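Residues per chain are reported as follows:
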Amino acid sequence: MYIETAADFDVTDYLRKEMMPHFLCPGCGHGIALRALLWAIHDLGLDRDKLAVVSGIGCAGRLSAYIDANTFHVTHGRPLAYATGLALARPDLHVVVITGDGDCLAIGGNHLIHACRRNLKLTCLMLNNEVYGMTGGQVSPTTSETRLTTTTPLGNQEPHFDACALATAAGAGFVGREVTHHVPKLKELIKAGLEHPGFAFVEVLSDCTEIFGRKNDMGSSSDMMMRQKSEIRPSAYLDTVDTPFRSNALPTGVLTRNDRPEYGAAYRQAASARAGTSS
Amino acid sequence: MNAIDPTLTGKNAVKLISGNHACALGAIAAGCRFFAGYPITPSSEIAERLARSLPEVDGVFVQMEDEIASIAAVIGASMGGVKAMTATSGPGFSLKQENIGYAAGAEIPCVIVNVMRGGPSTGMPTRPSQADIMQARWGSHGDYPIIVLTPASVSEIYSETIRAFDLAEQCRTPVVLLYDQVIAQLSETVALDGAGHASATRKWASGPRADYKPYDGGSDAIPAMAKPGDGYRTHTTGLTHGEDGFPTQNPEAVTRNLSRLFSKLERHRDLIDSSEALHCDDADVVIVAIGISARAATRAVEQCRAQGARVGLFRPITFWPFPEMQLRQATANARAVLVPEMNTGQLRLVVERVLAGMPVEGIHLFSGEAIAPSDIAARATALARGA
Amino acid sequence: MRDPVTTVRPAAWPKTPALKVGPADDACNVLIVGVGGQGVIMVSKVLALLAQSQGFEVKQSEVHGMAKRGGSVFSHVRFGKRVWSPTIPKGDVDILVALEWAEGLRWLPFLKAGSGIFICDTKRIVPPFACLNRKPGAPMRYSKETPAEVVAHVGEAYAIDATDMAEQLGNERAANVVLLGALSTALDFSSTDWERTVAEFVPKKTIPVNLEAFRRGRGWIEDARTSTPAVDVPAPTPATAAPYRIRLDINPAWCKSCDICVKMCPERCLILNAERIAELAAPDKCTGCRLCEWLCPDFAIRVNLDAPEALAR
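Everything quoted here is computed from the prediction, not taken from an experiment.

Caption draft 1: Representation of the overall build of chain C. A count of helices and strands for chain C gives ten helices and ten strands. The buried share of chain C, taken over its 313 residues, is 39%. Across chain C, contacts joining residues at least 24 apart in sequence account for 67% of those joining residues at least 6 apart.

Caption draft 2: Focus on the sheet that holds strand β12 (residues 285-288) of chain B. All names here are of chain B. Taken in spatial order, the five strands make up an open sheet running β11-β13-β12-β15-β16, and their pairing is mixed. Strands at the two margins of the open sheet, each flanked by one partner only, are β11 (275-278) and β16 (360-364). Here the average twist between neighbouring strands, direction ignored, is 20 degrees. Where strand β15 (residues 336-341) and β16 come together, five bridges link them in parallel fashion. Residue pairing in the sheet places Pro340 in a bridge with Ile363 of β16. The strands touched by helix α10 (residues 291-306) are β11, β12, β13 (311-316) and β15; relative to β13, the strand with the most contacts, the crossing angle is about 165 degrees. In the packing of helix α12 (residues 346-354) onto the sheet, contacts are made with β12, β15 and β16, and the angle to β15 comes to roughly 155 degrees.

Caption draft 3: Quick look at the interface of chain B and chain A. At the interface, 36 residues of chain B touch 33 residues of chain A. Only β2 (34-37), α2 (44-56), β3 (60-63), α3 (67-79), α4 (90-106) and β10 (235-237) of chain B provide two or more residues apiece to the side of chain B that touches chain A. In terms of residue count, the dominant contributor to the side of chain B that touches chain A is α3(B) (nine residues). Along the lines of polarity and charge, the residues of the side of chain B that touches chain A split into 21 nonpolar, ten polar and five charged. Direction of pairing for strand β2 (residues 70-73) of chain A relative to β10(B): parallel, over a ladder of three bridges. Bridged to Phe72(A) within β10(B) is Thr236(B).

Caption draft 4: Molecular detail of the confidence of the model for chain C. Residue and element names in this part refer to chain C. Taken residue by residue, chain C gives an average pLDDT of 81. The fraction at 70 or more is 79%. This stretch, residues 1-19, has a pLDDT under 50; its non-local contacts, to residues over four places away or in other chains, come to 47 contacts. Within the model, the stretch residues 230-234 combines pLDDT values under 50 with eleven contacts to residues more than four positions away or in other chains. Interface confidence for the predicted complex, expressed as ipTM, amounts to 0.96; the pTM equals 0.81.

Parameters at a glance
- Residues numbered from 1 in each chain as written.
- Chains lettered and ligands numbered in written order.
- Predicted model: local features only at pLDDT ≥ 70, side-chain atom pairs only at ≥ 80, totals over all residues.
- Helix = DSSP H or I, 4+ residues; strand = E, 2+ residues; numbered from the N terminus.
- Buried ≥ 20, exposed ≤ 12 C-beta atoms within 10 Å, placed from the backbone.
- Contact = placed C-beta atoms within 7 Å.
- Pairing = 2+ DSSP bridges.
- Axes fitted to C-alpha atoms, helices over the stretch in contact; angles between N-to-C directions.
- Nonpolar A, V, L, I, M, F, W, Y, C, P; charged D, E, K, R; others polar.
- pLDDT = per-residue confidence, 0-100.

Here it is, written out as structure tokens:
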């Protein structure tokens, strides 16, 4: 069963306790996503000395500081690029990227599509709360249409990104999505991503209650979580007709999985083959 | 400039190569094992050469999706403990600036090569320029120190690339190697004597994890770095941080850390400083120049001296931190200073500040052409004669 | 879950030979009930097909409870010279075959008073809503009636651990055919016809095991009729002691009063106290499900399940 490690997983074993309580607002879903990540790391028994977490700027970017591992809080939008250098230079490290919707899809969009294409072994955890929370609630590439933000006072007119479709189209080896409410399922999804030999993209539907929720009159954190839960359609039900899910519901679970060659290994293999012929 | 050592006998000891190739080979000799770049004229030969050479030494070359990703990947590789470099030209250098500031603030060693071309904007991609002197120093936001080296020949590109890595590692700082398109694509004979070079290594964390502070400068203001995998599990951030590496806005902690950051380079000027003074002791007029302009000036000094004009040349090799003391010494007996440079007056601005009160005149050429020795000689001779 | 009741024979065993319901003028009414997934429909189809092959008019109507595994399922089979209504009126059932104990009890009022035959598996499938709360080892609202109590209220009754018998044959799913075998003793069809019909119905590979199950069921009833009635074994009440004690650690320094735990707790046993810090207000209701621990964005709640040995120490 996927929750059998619940009893022996104590999240505080994986936190930098001196940094707690963390700086996130009350009810922010990012903390739940962080738990799922740490639980997945626990389940896989990853050596934290060999675990590197690279994060960008924004609320999601701040999470790395709370993880007791090798953590790097880098510039806005660039965690995937930093992680690419780190993972290529140090293939012995397990590199995880934590990023937000703005960090990953707006300022860092170029790095995302090329990381997907390159298929270097990295796990990218994108926490999507539909808004730039840290800067006070501006519209992001994933803000739903008609939503109010400080920069869309008339309601958002721009269509929003489907990050998983984008990652799949760009060639990511593993793509998945889950809501924060399904913690064990989210943990399993992240675990599968961590185990994937190539680039893994996991989108977490998180909630920003204090800024986005308040602006759009979406109720409490639990209300937002339950709403998200009602708007998804687990991938197991994607091909079935007779289900209670709406046709436009957001698919969750593992959405893409393929075994394209991992870039780092392919590069090293080509290099050693070249060395073999030249000597 | 550097005399070829006639005792070098190795098969690859002496080669006729371009400045960009010399840079790539210098990097390999210095222990660089990671390069990330993006194609841009006139620096692309560095990337092309390293794409071939790095796999041969178990290194990694990667062409990233853009200039920003390139510097980011380089810093990422260096955070992993691997010596890393990127190369670019003006537009790309501008794009990299935010992350260069990150490397300076988080104290991640790395080498950034900027082969200067005409600007602003796309400018003249195939024509030389010396207009990134200020960008190299002040390009990123906020206050930060940085080392900038300005070699003037192909063989000096080779040796200064090696020195750039040494300084980056020793001082935990980004180092910019700044040279112009002329020497980048000029081929000269170079003694590839860096292979046996005992390259500097970073100060790595040792001892118990509980006692280790990632940004404690210790006695030399340079903190020991924790290598991922060694069990220290530290945090690195671009936010202002305390000795423990975690974000802080405590005024004392912020001041203490930034002060140490600046003192770090000041305290190691003996390692960092490098300049050359030619016939300056008795010079009435001292020419101050870098790169290809300094080479023209060398010829000009010979011409002036031949005509009896007491003219000397001062050439900063480490441009930032600027060798102010050395410049003052070199111009101690001078009546005037002439600054030939391929921009509208960036070096002259520095010289005027350092030598306040000294008549400083510039020759500024920004047409995409190099300055001719005769133009420098003519003006220097005139100045020496009191004109 | 294995049923705690072993093979049980009725204490009040009828002395008269079993009622043979056969082709009389009136229709014969058989009601087959159980839980989704047990094979209720299969039993009724076999009976319907057999009756039809014997020249009777047959009406079979089923309600497969939401078609979902675990839901209540029943099927009416009526056959005779002439059958008009597709369903059996309450109190008119000649034979009630139940594949699950509580389902059998649920339908008892449909049995013909005084003469109805009750054939019931002692298999207990406890529906989630029968739990009084979600605590491990919690008491259940599952029927407490023992077979002995039931037998006293019907004309003829057999409580048979068909599931156990089928398991012994290596296929728990053949329990319904064991009951079919039991049912066969109450009707005037030849066992050859029964077995032929069963063989037509089940997958080819499972024909031998199903025929053996049929024979065991049939044999069990025949044995039961000739041997001395066994002593009724009451169903033991399930253990109410939880296998562990639940202890919540709430770190007030980390709690940010978001109230996710309060709203998401399925038992509503958490509150925000006067300081607006999460607090376990109803520890007796807490089931240790960990939802509060998992959904706390601030890592302020830890659910500990202390083993009894640990508590004793």
